[in-house]
Amino acid sequence: MCGIMGYVGPRAVAPLVLNGLQQLEYRGYDSAGMAVIGADGELHIRRAEGKLVNLRTVVEHSPVVGCVGVGHTRWATHGPPSERNAHPHISPDQEFAVVQNGIVENFAELRTRLRELGYAFASDTDTETIVHLLHYHYHNGSDADLEGAVRATLAELRGPSAVVVVSRAHPGQLIAARVGNAGGVAIGLGAGESMVASDLPAIVEHVREVVYLESGEFAVLTAAGVEFGNLAGDRYAKQPVTVDWSPEAVERGPYDHFMQKEIYEQAQSLTDTLRGRLDLAGATVRLEKLGLDRSQAAKLERVVITACGTSYYAGLLGKHYIERLARIPVEVDYAGEFRYRDPVLSPNTLVIAITQSGETADTLAAIEEAQRQDAHTLAIVNVVNSQAARLCAGVVPMQAGPEIGVASTKAFTSSLTCLLMVAVALGELRATLDDAQRTALVAEMGRLPGLAGGLLEEARKSGRYAQLAQTYARYHNFLYIGRGLHYAIAREGALKLKEISYIHAEGYPAGEMKHGPIALIEPNMPTVALCVQDRVYDKMLSQVQQVKARNGLVLAVGHADDALLAEMVDALLPVPRCNEFIMPILAVIPLQIFAYEMALQRGADVDQPRNLAKSVTVE
Ligand code: M6R
């Protein structure tokens, strides 16, 4: 949550920080602020409640000139969104400013102690304890030792924190540090300039060489370069990685919203996900770093998939893929539950963590638990070099390109595609997939991007979803039902609708309707049913009949030439016919477009839905 962007170098820092924060606003948009060391050597603070545009206005009216500074966009944890709770937080004598991403779990006891030491608090935040502690250690430690004071301060914090510190006593530098799973801290190495950001979109326009801080590390950034060390006080060199994202990839381009862009670019993102991995001639998939050899795969007794939100729903479908193709029992667990459940794992368990951002706090903790119990770990992750990718023995990058919209879309279809590839790879290693099945599946995977492109083109040209939204945006509750491979799609479709249009929606296994939810059916409760012609098609049709018999409205995802279904339902959301394992990857796309158009129709903020942030780096 929260986005940080800091800069040291020859350029004017305020516009750089504002533009960097703009790219990080998906991480939080409750308030924003910046601290800049001005030409007068003083720290200048600007802050505003609400979205970044408000901070821009403040800076326009009251410009700050300087070449060293740091900014922050907040997702509130402690204290409501307001100017006084916006970061940076400053020491009483305006000597230090601190921005933080994370939580100070022991902030109450620290605040009591600091108050006893004479510090007055100007905000309700946990972060303010950090700046006062820093001030205390700086003035009660070795002379003018900012680094030492940062180390002493972080040693007192409980909980994950990524911080950046700026001080007027050390005007040519920023100190960035990270403890625990506090989200990314990417240090950009430029020519005569250095920068720090919570995520690459903020700095990809300026640098290619990036170093990520691990927990317990800090970096001292100056225009001349960056020095790295750990909180024990050791100094060492760190090897940079080269970033291959283009700056355009993080721009909205001709689209109105990032979510719209990310939905409509799925033919491309799926092409990228499959690139270099499908061997059509050999009828196989090639995953560079599965992290398991043939003998380890053969010994697997169980797979546990763990994730949050949309990634969890991808896991629900992954269970079907792996059980059916690799014949291993699979459990799917919310990462936030798994980590505290004292799960039973063994060296013959494979734990697959799915995470777009690679920095979701619960998912990272779940990976650590798996490693503590010596299970194999595999990350399916979109942000390359993210913490999840660095932690796990195996990594399958989604290769979907940056996803900025808070509502995940293209990362979902890419993670499903990765799960299918993992299932095929495991099936091959374990000899559970016959040649004919594998050949057909691999060939069909090659058709996936084209099928998605055709579906999206038809959706764009027909204008069907905008029209549907005009009719359906007035309803307050929706049921989404699916069976088998499409149960996960029902769950994801419902999540998309609720998170961006604030309409209550629940995803159910269709077979459960008679056990309770059917009581909800009446003319004001539309049902979205996944009715493609697969092995449970007849069962789904019966379910639709039962809803219609109770005067319920039904929107069905089905095939355009399915006359029987078309006649039965109130609206048909068409998907092409294809292999049953590919079908759900396509079936979610109409539900993404439907949710997008519904949100537009209701005037909701599609890319920045209320109360949400894209990367959930705190518990
Ligand atoms: O980055 P992750 O995949 O770990 O994120 C998990 C969830 O926070 C995320 O999928 C969330 O549910 C999205 N808002 C869904 O659109």
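Structure shown above.
What you see is a predicted model, and the numbers here were worked out from it, not measured in a lab.

Draft legend 1. Geometry of a positive patch on the surface. Taken together, the side chains of Arg483, Lys514, Lys539 and Arg550 define a basic patch exposed on the protein surface. The topology assignment puts Arg550 in the loop between helix H17 (537-548) and strand S26 (554-558). In this structure Arg550 comes out as partly exposed when scored by relative accessible area, which is 42%.

Draft legend 2. Molecular detail of the packing of helix H4 (residues 127-140) against helix H5 (residues 146-155). Close contact between H4 and H5 brings their axes to 8 Å; oriented N to C, the two are set at 130 degrees. In terms of orientation, H4 and H5 fall into the oblique class. As H4 runs across H5, the sense of the crossing is right-handed. Between H4 and H5, the contacting residues are Ile130, Leu133, Leu134, His137 and Tyr138 on the first element and Leu146, Ala149, Val150, Ala152 and Thr153 on the second. For the contact of H4 with H5, the residue count by class is eight nonpolar, two polar and no charged.

Draft legend 3. The arrangement of the pairing of strand S9 (residues 186-189) in detail. As defined by bridge partners, S9 adjoins strand S10 (residues 194-197) across four bridges and the pair is classed as antiparallel. Each bridged residue has a counterpart across the sheet, and for Gly188 the counterpart in S10 is Met195. Here S9 folds back onto S10, and the loop between the two strands holds four residues, one of which, Gly192, carries a positive phi near 75 degrees. Here S9 runs beside strand S11 (residues 209-212); their pairing, made up of four bridges, is antiparallel. Paired with Gly188 across the two strands is Val210, which belongs to S11.

Draft legend 4. The arrangement of the packing of helix H16 (residues 487-501) against helix H19 (residues 583-601) in detail. It is the contact of H16 with H19, at a shortest axis distance of 9 Å, that shows an interaxial angle of 15 degrees. It follows from the interaxial angle that H16 and H19 lie roughly parallel. As H16 packs across H19, the resulting crossing turns out to be right-handed. Two secondary-structure elements touch here, H16 through Ile489, Glu492, Gly493, Lys496, Leu497, Ile500 and Ser501 and H19 through Pro584, Ala587, Val588, Leu591, Phe594, Ala595, Tyr596, Met598 and Ala599.

Draft legend 5. Up close: the pattern of salt bridges. For the structure on display, the rule yields 35 salt bridges. Taking the shortest distance from any N to any O, the salt bridge between Glu147 and Arg151 comes out at 3.6 Å. On the criterion of helical spacing, the pair formed by Glu147 and Arg151 is a turn pair, its members being four residues apart in helix H5. Residue Arg235 pairs with Glu147 through a salt bridge whose shortest N-O separation is 2.4 Å. Taken as a pair, Arg235 in strand S14 (residues 235-236) and Glu147 in helix H5 lie far apart in primary sequence, 88 residues in all. Salt bridges sharing partners connect three or more residues here, namely Glu147, Arg151, Glu227 and Arg235.

Scoring rules and cut-offs
- Residues numbered from 1 in each chain as written.
- Predicted model: local features only at pLDDT ≥ 70, side-chain atom pairs only at ≥ 80, totals over all residues.
- Heavy atoms only, no water.
- Patch = residues over 30% accessible without salt bridge, like charges linked within 9 Å, V, L, I, M, F, W, Y side chains within 5 Å.
- Areas by Shrake-Rupley, 256 points an atom, 1.4 Å probe, with all protein chains shown as cover.
- Salt bridge = Lys/Arg side-chain N within 4 Å of Asp/Glu carboxyl O.
- Lys, Arg positive; Asp, Glu negative; His and termini not counted.
- Charge placed at Lys NZ, Arg CZ, Asp CG, Glu CD.
- Helix = DSSP H or I, 4+ residues; strand = E, 2+ residues; numbered from the N terminus.
- Buried < 20%, exposed > 50% of the residue type's maximum accessible area, 1.4 Å probe, protein only.
- Axes fitted to C-alpha atoms, helices over the stretch in contact; angles between N-to-C directions.
- Parallel < 35°, antiparallel > 145°, perpendicular 65-115°, else oblique.
- Left-handed = near helix turned anticlockwise from the far one by under 90°.
- Contact = heavy atoms within 4.5 Å.
- Nonpolar A, V, L, I, M, F, W, Y, C, P; charged D, E, K, R; others polar.
- Pairing = 2+ DSSP bridges.

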